Amino acid sequence: MGSTEEKQPAGHGRPTSRDVARLAGVSHTAVSFVFNGRAEGNLSPATQERIRQAAAQLGYRPDPVARGLRRRRTAVIGLVTDEIASSPFAGRLLRGAMDTAWDNEHLVLTVDSGGDPAKEDAAVAELLDRRVDGIIYAAFSLRRVRVPEGLHRTHSVLANCVPEDDSLPAVIPAERAGGRTAARLLLDEGHRRIAHVGGLDDIASVERLRGFRDALRAEGITVPKEWVVRTGGEISGGYEGALRLLDGVPANRRPTGIFCYNDRVAAGALHAAARLGITVPEELSVVGYDDQEHMAAFLSPPLTTVALPHRAMGEAATRLLLDAIETGKTPPATVRRLACPVISRSSVGPAPIR
């Protein structure tokens, strides 16, 4: 049975693959080979190029519905989040997923559950009913998660979280390595009296602090217990924690560098230093974490920080999912950790001589 596209006359409405074949002087089968990924070994490079040029001249695009029916795919992947879509902090993860999917001729259908497990299960069921080719489940903050019901019925990958039952592949930040990186930013500038401020009861806090201690231990430095101040993840916590370390303490006994759990905590630490008349980075260096958009670059001074690889996580999770869809093979349930890059600005300088 011929398709609607094949019966449409040339020169009217949407250009067809037969229009491309006529313009390129090749068979309709040759055009199908090019746009179905079967050209290699069947057509010469010159013929492939002639077909692509004819398609570009006519403005031809393959019919995704017809192609999906032939391949038993929809060219759509689902992305279920707990609260990323409503958060300004992780738009880069969504953008990385969407751009990677688009480059591979897929669309992303996103559902934000608001962290409600029942909504997550319903969202996955709805996506499965719509015959998506696979699903990414992404979390706002790094944590172990209950795998939503239904994810095991299709190709699935987790982003910024790990499954409680270790049943699915996951892409997450290399938080411990990021903590080491943050500490090294201070160590490499000669700092030896370094404190840590902020932190929550979560994987990211634990791993960043472990990495921080790793780097200092490698230099033979032991962090005094009172210099690890756990005050949460907000600006107020950073302000309170920095005051504990700095207020009323002689310059030769206070830390010269502070690694903050995140950029909000660092903002509070910078505010505390300003209130106390301690200049940054001349007297005190401050390192943040996250590279929070619309914040880190606009603090005074602009904040040196370790960035979470949000976009890279979206890209990597989508590539992993698309590879599974293409090969039909479920990837192993391993955890891939992505490097957290340094964003150098002005809040870190050489250790003061005291």
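Each remark here, short or long, concerns the structure printed above.
All values derive from a computational prediction rather than experimental measurement.

Some thoughts on the overall build of the protein chain
When helices and strands are tallied, the protein chain shows 12 helices and 14 strands. In summary, the protein chain has a C-alpha radius of gyration of 26 Å against a globular reference of 20 Å for 354 residues, an excess of more than 25%. Referenced to the eigenvectors of the C-alpha coordinate spread, the extents of the protein chain come out at roughly 85 × 45 × 35 Å. The proportion of buried residues among the 354 residues of the protein chain is 51%. Of the contacts made within the protein chain by residues no fewer than 6 positions apart, 72% connect residues no fewer than 24 positions apart. Carbon and sulfur atoms make up 51% of the accessible area of the protein chain, which amounts to about 17200 Å² in all. Each charge class in the protein chain was averaged separately, 45 positive and 43 negative side chains, and the resulting centres sit 3 Å apart.

Looking at the nonpolar core
Core analysis: the biggest nonpolar cluster contains 47 residues, and Phe212, Leu216, Leu245, Leu284 and Val286 have the highest contact counts within it. Broken down by secondary-structure element, the contributors of at least two residues to this core are α8 (175–187), β8 (194–197), α9 (203–218), β9 (228–229), α10 (235–246), β10 (257–260), α11 (263–276) and β11 (285–290). Looking at this core, the element that brings in the most residues is α11, giving seven residues. Contacts of leucine 245, omitting those with residues within four sequence positions, involve Ala195, Val197, Glu226, Trp227, Val229, Arg254, Pro255 and Ile258.

Some remarks on the sheet that holds strand β1 (residues 76–81)
Taking strand neighbours across the sheet as the criterion, the six strands line up as β2-β1-β3-β5-β7-β13 in an open arrangement whose pairing is parallel. Since the sheet does not close on itself, it has two edges, and those belong to β2 (107–112) and β13 (335–338), each with one partner. Neighbour-to-neighbour, the strand axes of the sheet open up by a mean angle of 20°, direction not taken into account. Bridge analysis of β1 against β2 gives six bridges, and the strand direction is parallel. Residue pairing for β2: leucine 79 is matched across the bridge by threonine 110. Most of the contacts of helix α6 (residues 91–103) go to β2, to which it runs at about 150°, and overall it touches β1, β2, β3 (134–138) and β5 (155–159). In this fold helix α7 (residues 117–129) packs onto β1, β2 and β3, with an angle of close to 175° to the strand it touches most, β1.

Regarding the pairing of strand β12 (residues 304–307)
Side chains Thr304 and Val306 of β12 all project onto a buried face; the interleaved residues Thr305 and Ala307 project onto the opposite face, where all are buried too. The pairing of β11 with β12 spans four bridges and is classified as parallel. Residue pairing across strands places glycine 288 opposite threonine 305, the latter belonging to β12. In the sheet, β12 pairs with strand β14 (residues 342–343) via two bridges, with the strands oriented antiparallel. Its bridge partner being in β14, valine 306 is matched across the sheet by valine 342.

Some details on α11
Between the first and last C-alpha of α11 there are 20 Å, a value that for 14 residues agrees with the 20 Å anticipated at 1.5 Å per step. Extensive coverage of α11 is indicated by the burial of 10 of its 14 residues. For α11, every residue scored as buried is listed here: Asp263, Arg264, Val265, Ala266, Ala267, Gly268, Ala269, Leu270, Ala272 and Ala273. Its buried side turned inward, α11 meets β8, α10, β10, β11 and β12. One side-chain oxygen of the residue at the start of α11 lies 3.1 Å from the amide nitrogen of arginine 264, identifying that residue as asparagine 262. Glycine 277, located one to two residues past α11, shows a positive phi value of around 75°.

Some points on unusual backbone geometry
Omega for the peptide link from valine 280 to proline 281 comes to 10°, which places this bond in the cis form. Residue placement: proline 281 occurs in the loop between α11 and β11. A cis amide bond links serine 300 with the next residue in sequence, proline 301, at an omega value of 0°. Along the chain, proline 301 falls in the loop between β11 and β12. Here the phi dihedral of alanine 75 falls at roughly 60°; this positive angle occurs in a residue that is not glycine. Looking at the secondary structure, you find alanine 75 in the loop between α5 (64–71) and β1.

Each value, and the rule that gives it
- Residues numbered from 1 in each chain as written.
- Predicted model: local features only at pLDDT ≥ 70, side-chain atom pairs only at ≥ 80, totals over all residues.
- Heavy atoms only, no water.
- Helix = DSSP H or I, 4+ residues; strand = E, 2+ residues; numbered from the N terminus.
- Rg over C-alpha atoms; globule rule 2.2 N^0.38 Å.
- Buried < 20%, exposed > 50% of the residue type's maximum accessible area, 1.4 Å probe, protein only.
- Contact = heavy atoms within 4.5 Å.
- Areas by Shrake-Rupley, 256 points an atom, 1.4 Å probe, with all protein chains shown as cover.
- Lys, Arg positive; Asp, Glu negative; His and termini not counted.
- Charge placed at Lys NZ, Arg CZ, Asp CG, Glu CD.
- Core = buried A, V, L, I, M, F, W, Y, C linked by side-chain atoms within 4.5 Å.
- Pairing = 2+ DSSP bridges.
- Axes fitted to C-alpha atoms, helices over the stretch in contact; angles between N-to-C directions.
- Expected span 1.5 Å × (residues − 1).
- Polar contact = N/O pair within 3.5 Å; in protein donor to acceptor, adjacent residues only side chain to side chain.

From the geometry alone we can't say anything about function, so treat these as descriptive.
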